[in-house]
Amino acid sequence: MADYASIEVLHKAVPAFSPYIPVGLLPYIAFILLSATFALGFYFSTSVPAQSIRSPIYNTSTDPPRICSLPKDTLPVRETAVASLASILGGFGVVALFCTVGVYV
């Protein structure tokens, strides 16, 4: 019983938990992180080389318009880095969103 009494005294002496990030900032953090995840998710699907875009109104070339395709790399380092960053930001954004609505994970 002496162990329990010493633990109880220690429990009452220790200050209450205080998070490093104020809870009031969680909705803003969640919005920023999830917005960045959304932007990175569509980074490659919306980027095309500028030289492959031609307006049909000002097309003075006799060449048929090329189909815009995404750049293909042999070793997709850039795509892997962007996907990893989007995954990390999305994970932290979802945790911040859950904590905002009261689901403390």
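Residues numbered from 1 in each chain as written. Predicted model: local features only at pLDDT ≥ 70, side-chain atom pairs only at ≥ 80, totals over all residues. Heavy atoms only, no water.

Going by what an unreviewed UniProt entry lists, the protein is known as Dolichyl-diphosphooligosaccharide-protein glycosyltransferase subunit OST5 and is assigned to Ceriporiopsis subvermispora. Among the UniProt annotations of the protein, the heading Sequence similarities (unreviewed entry) holds the following wording: "Belongs to the OST5 family." The Subcellular location (unreviewed entry) comment attached to the protein in UniProt states, word for word, "Membrane". (UniProt positions renumbered as here; feature names shortened; annotations may be inferred.)

**Considering the layout of surface pockets**
Roughly 260 Å³ of volume is contained in the largest pocket. Residue lining of the largest pocket: Pro19, Ile21, Val23, Leu26, Ile29, Leu33, Phe92, Val95, Ala96, Cys99 and Tyr104, and that is the complete set. Mapped onto the lining of the largest pocket, the elements with two or more residues apiece are helix H2 (26-41) and helix H4 (77-101). It is H4 that contributes the most residues to the lining of the largest pocket, four residues altogether. (1 Å grid on protein atoms, 1.4 Å probe; cavity = no way out; pocket = protein on both sides within 12 Å on 5 of 7 lines; lining within 4 Å. Points joined across faces, edges and corners; volume = space filled by probe spheres on them. Helix = DSSP H or I, 4+ residues; strand = E, 2+ residues; numbered from the N terminus.)

**Some thoughts on the packing of H2 against H4**
In contact at an axis separation of 8 Å, H2 and H4 are set at 150 degrees when each is read in the N-to-C sense. When the interaxial angle is binned, H2 and H4 end up roughly antiparallel. Crossing of H2 against H4: the hand is left-handed. Across the interface between the two elements, Leu26, Pro27, Ile29, Ala30, Leu33, Leu34, Ala36, Thr37 and Leu40 from H2 touch Val82, Leu85, Ala86, Leu89, Gly90, Phe92, Gly93, Val94, Ala96, Leu97, Cys99 and Thr100 from H4. A breakdown of the residues in the contact of H2 with H4 according to their chemical character gives 17 nonpolar, four polar and no charged. (Axes fitted to C-alpha atoms, helices over the stretch in contact; angles between N-to-C directions. Parallel < 35°, antiparallel > 145°, perpendicular 65-115°, else oblique. Left-handed = near helix turned anticlockwise from the far one by under 90°. Contact = heavy atoms within 4.5 Å. Nonpolar A, V, L, I, M, F, W, Y, C, P; charged D, E, K, R; others polar.)

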